[in-house]
Amino acid sequence: MAGRRLTNPAGSSNDLRGDVLRVLGVLKVATADQIQRIASPHLTYRHTTKATASERKTARTASHAGALSDLRKHGLAENGGTTRAGESLRNLTTKGLEAASYELGRPLTEMGSTARGAGSSGATHPMAVNETVIAMLRPKPDLKLLTREPAEAKAAAQAAVDAPAGVGTIASYATEVPLPATGTWGAPGKGGAQADIVLTAPQDGIPLVFIEVDNCHETAEEIAAKLLKYSRFFKRQIKDTDGKDKPMWRTRWTARVAERGEAPHPPVLIVFNHIGARDPNRTVPRLQELTRPLWAGEPADGFSSYDRKIPIIATGLRNLRAHGPNGPVFLRFGRTHMQPLRDAIGNPRRDAVLARRAERMKEQQAYQEQLRRAAEQKRAEREAARPACAGCGTKFDNDRWENTRLSPTPGHRWDPTLCEPCEAKTVAAEDQAERDRLEQEAAETAEKPAAGAPASAPGKPPDGWASLPLRAWASLRRPWASLSQQGWLPQADPPHRVSRHTATWRDQAASEDDGLSWLYARPNSFCPWSENGV
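Here the structure is a predicted model, which is why all the values come from computation and not from measurement.

A. Quick peek at the overall build of the protein chain. Looking only at helices and strands, the protein chain has 20 helices and 13 strands in total. Once local pairs closer than 6 in sequence are excluded, the contacts in the protein chain between residues at least 24 apart make up 61%. As presented, the protein chain carries roughly 29500 Å² of accessible surface, and 52% of it is formed by carbon and sulfur atoms.

B. Summary view of helix H9 (residues 220-235). The first and last C-alpha atoms of H9 sit 23 Å apart over 16 residues, in line with the 22 Å expected at 1.5 Å per residue. Restricting attention to buried positions, one finds in H9 the residues Ala-220, Ile-223, Ala-224, Leu-227, Tyr-230, Ser-231, Phe-233 and Phe-234. Each buried residue of H9 lies within a common arc of 170 degrees when the element is viewed along its axis, so the set occupies one face.

C. Just the environment of Leu-290, in detail. Along the chain, Leu-290 falls in helix H10 (residues 280-290). Dropping the residues within four chain positions of it, Leu-290 is found in contact with Ala-220, Glu-221 and Ala-224.

D. Examining the nonpolar core more closely. Counting 48 residues, the largest nonpolar core has Tyr-173, Leu-199, Ile-211, Leu-269 and Phe-330 as the members making the most contacts within it. Leaving out residues up to four positions away in the same chain, Tyr-173 has contacts with Val-26, Arg-106, Val-133, Met-136, Leu-137, Val-167, Ile-197, Val-198 and Leu-199. Ala-224, Leu-227, Phe-233 and Ile-310 belong to the second largest nonpolar core, which has 33 residues in total.

E. Fine view of the packing of helix H2 (residues 14-27) against helix H3 (residues 32-39). Two elements in contact, H2 and H3, have axes separated by 10 Å at closest approach and are oriented at 110 degrees. Considering their axes alone, H2 and H3 lie roughly perpendicular with respect to each other. When the axes of H2 and H3 are compared, the crossing they make is right-handed. In contact with Asp-19, Val-20, Val-23, Leu-24 and Leu-27 of H2, H3 contributes Ile-35, Ile-38 and Ala-39. Taken together, the residues that form the contact of H2 with H3 break down as seven nonpolar, no polar and one charged.

F. How the structure looks around the sheet that holds strand S5 (residues 193-201). Strand order in the open sheet made by the six strands is S4-S5-S6-S9-S12-S13, with mixed pairing throughout. Of all the strands in the sheet, the pair left with one neighbour each is strand S4 (173-179) and strand S13 (331-332). As judged from the two bridges shared by strand S12 (residues 312-316) and S13, these two strands associate in the antiparallel manner. Counted as the bridge partner of Ile-313 is Arg-332 from S13.

G. Inspection of the packing of aromatic side chains at higher detail. Inspection of every chain in the model, using the stated rule, returns nine aromatic pairs. Residues Trp-185 and Phe-233 carry aromatic rings whose centres are separated by 5.8 Å and whose planes lie at 75 degrees to one another, so their mutual orientation is edge-to-face. Separated by 48 residues along the polypeptide, Trp-185 in the loop between S4 and S5 and Phe-233 in helix H9 bring together distant segments of the chain. Of the residues examined, Trp-185 reaches a relative accessible area of 24% and is grouped as partly exposed. On the basis of relative accessibility, which here comes to 0%, the residue Phe-233 falls in the buried class. Taken together, a centroid distance of 6.5 Å and an interplanar angle of 75 degrees make the contact between Phe-234 and Trp-249 edge-to-face. Of the two residues, Phe-234 sits in helix H9 while Trp-249 sits in the loop between strand S8 (245-247) and strand S9 (268-272), which places them 15 residues apart along the sequence. Trp-249 shares its class with Phe-234; the two are buried. Through successive ring pairs, a cluster of aromatic residues spans Trp-185, Phe-210, Tyr-230, Phe-233, Phe-234, Trp-249 and Trp-253. For the cation-ring pair, Arg-332 lies above Tyr-306, with the distance from its terminal atom to the ring centre recorded as 4.4 Å. The ring of Phe-396 carries the charged tip of Arg-400 above its face, separated from the ring centre by 6.0 Å.

H. Molecular detail of the side chain of Ser-40. Structurally, the position occupied by Ser-40 is in the loop between H3 and helix H4 (53-60). With relative accessibility at 8%, the residue Ser-40 sits in the buried group. A polar contact of 3.4 Å, which involves the side chain of Ser-40, links it to the side chain of His-64. Those residues in contact with Ser-40 that lie beyond four places of it in its chain are Ile-35 and His-64.

I. Broad picture of helix H8 (residues 151-162). For H8, which comprises twelve residues, the first-to-last C-alpha distance of 16 Å matches the rise-based estimate of 16 Å (1.5 Å per residue) to within 8%. Buried residues of H8: Ala-153, Ala-157 and Ala-160, and no others. Burial along H8 is one-sided: seen end-on, the buried residues are contained in an arc of 55 degrees. Every exposed residue of H8 that faces more than 90 degrees away from the buried side is listed here: Ala-151, Glu-152 and Asp-162.

J. Expanded view of the side chain of Glu-423. The topology assignment puts Glu-423 in helix H16 (residues 420-451). Its relative accessible area of 12% is what places Glu-423 among the buried residues. Look past the residues within four positions of Glu-423 in its chain and what remains in contact with it is Arg-400, Arg-413, Trp-414, Asp-415 and Leu-418.

K. Up close: the pairing of S9. In terms of burial, S9 is largely enclosed, as five of its five residues are buried. Along S9, one buried face is formed by Val-268, Ile-270 and Phe-272 and the opposite face, lined by Leu-269 and Val-271, is buried too. Bridge count between S9 and S12: five bridges; the pairing is parallel. Within the sheet, the bridge partner assigned to Leu-269 lies in S12 and is Ile-313.

L. The arrangement of the environment of Ala-77 in detail. The topology assignment puts Ala-77 in strand S2 (residues 77-82). Taking the C-alpha atoms as reference points, Ala-77 and Lys-95, 18 residues apart in sequence, are found 8.4 Å from one another. Apart from the residues within four sequence positions on either side, Ala-77 is in contact with Leu-71, Arg-72, Asn-91, Leu-92 and Thr-93.

M. Just unusual backbone geometry, in detail. Its identity as a non-glycine residue notwithstanding, Arg-138 has a phi of 50 degrees, on the positive side. Topologically, Arg-138 is positioned in the loop between helix H7 (124-137) and H8. A relative accessible area of 16% means that Arg-138 is categorised as buried. A positive phi angle is found at Glu-176, which is not glycine, with a value near 55 degrees.

N. Structural view of the packing of H3 against H7. Viewed as axis vectors pointing N to C, H3 and H7 meet at an angle of 15 degrees, and their least axial separation amounts to 11 Å. By the angle between their axes, H3 is roughly parallel relative to H7. Along this stretch, H3 crosses H7, giving a crossing that reads as left-handed. Between H3 and H7, the contacting residues are Gln-34, Arg-37 and Ile-38 on the first element and Met-127, Asn-130, Glu-131, Ile-134 and Leu-137 on the second. Among the residues forming the contact of H3 with H7, the class breakdown is four nonpolar, two polar and two charged.

Cut-offs used in this document
Residues numbered from 1 in each chain as written. Predicted model: local features only at pLDDT ≥ 70, side-chain atom pairs only at ≥ 80, totals over all residues. Heavy atoms only, no water. Helix = DSSP H or I, 4+ residues; strand = E, 2+ residues; numbered from the N terminus. Contact = heavy atoms within 4.5 Å. Areas by Shrake-Rupley, 256 points an atom, 1.4 Å probe, with all protein chains shown as cover. Expected span 1.5 Å × (residues − 1). Buried < 20%, exposed > 50% of the residue type's maximum accessible area, 1.4 Å probe, protein only. Arc of directions from axis to C-beta. Core = buried A, V, L, I, M, F, W, Y, C linked by side-chain atoms within 4.5 Å. Axes fitted to C-alpha atoms, helices over the stretch in contact; angles between N-to-C directions. Parallel < 35°, antiparallel > 145°, perpendicular 65-115°, else oblique. Left-handed = near helix turned anticlockwise from the far one by under 90°. Nonpolar A, V, L, I, M, F, W, Y, C, P; charged D, E, K, R; others polar. Pairing = 2+ DSSP bridges. Phe/Tyr/Trp six-rings, centres within 6.5 Å; stacked < 30°, edge-to-face > 60°. Lys NZ or Arg CZ within 6 Å of the ring centre and 35° of its normal. Polar contact = N/O pair within 3.5 Å; in protein donor to acceptor, adjacent residues only side chain to side chain.

This is how it looks when you write it as structure tokens:
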């Protein structure tokens, strides 16, 4: 214990000093009261039995004041002057800023400056920035640490817990962030802006918001010039690690990507702390007119499109303290009603239109799916009723099925129970059987004279053969040899002379059926084409 006292004379713990480093690493300069309200909000509801507010504040900030004293001993913090109310200001040294970067998990290049000398004039603007951060955070007390406190203190703490929550944690905020329109992040050039606060809380639905705090000392024209610098910074393009040009701000922060042809710039929130001479109620309308080209959207299908526009929102610090970021105290330029911060930075009308479109698309898809299932069921029923070939079992195709429906009765060369290949085979078999039958009949007809006595003399054809038509002769080309063997068609060595008419008829027969050429290659003694028929 003695060694601990020698190292940290105020007796502060590591956790307490770490809380102080995190708060000062974000705010840069703050009072012990502000540090306590952020780091240990439950202490606000302790020591409520003290007689005066000053005594209560001294009691609840004693532990953090001791941690600041120990950090000052280690060279990490220093006194930064006093506020106009007489409170002591504390800020970090360069060594303390490096220690705070470890506590916050940020690169040292993103920590900013030490804000040394900010309290030389009362630090009214840094104090307003700190109060804005506290109003946005709305730290919740831990009720488990207040079990021994009076009922009134517990009730007040419970009310704070039940109130609408804030946005993010202390690590979600950064102050005095340069926005270089020229130069680099570490060495910004002229023409850029410097954001009082940058809020990144995607876990709470606010991925990125730039906050400007005005103590009502600046005119509308001065604020408009500052917003114009924001616009220049948002439009600046640099090459990213993939070699493609991207907005410079996207290389450091993550925000909503472009979707459906709309890529708005990050929103800018202006918080008016009415301690100056200018009236925000007059400044805001004038500021809207001056910055209309920066924020005015284009009419779309049922909503306004804010592609490459800056959502500019205004609110008062007093209302922000009372209602928090979830209260309807934010006015977006171009709208006529107050909204919570999430709605103000977004586009609810667009979201509603897209939601309705998505719902209609979902209904259409469901209807199309219903039609598809009905069609599949109909196809399945049709396939189940599709007839199959009685021969091979193959299902009929659509044309064959339609033909069988139109002609269900079997007919000549048509069988509705067979597929086309099987029907072709059947027809071919029937044709072959018919040819065999005709040949058999022709053979039997040719053999009848041989079985009985011929009506004509030997070597003479039966009567009436000379008048047979050409097709009949063609059908008898096979039994012609047998007739010749029986002596009806003896061969004659010398070529037989035929008339011109008979030769023409012979040529015609040859052209119709080349298989008859043997009939007149060497004419018989008996030839039906000869002039005398012998």
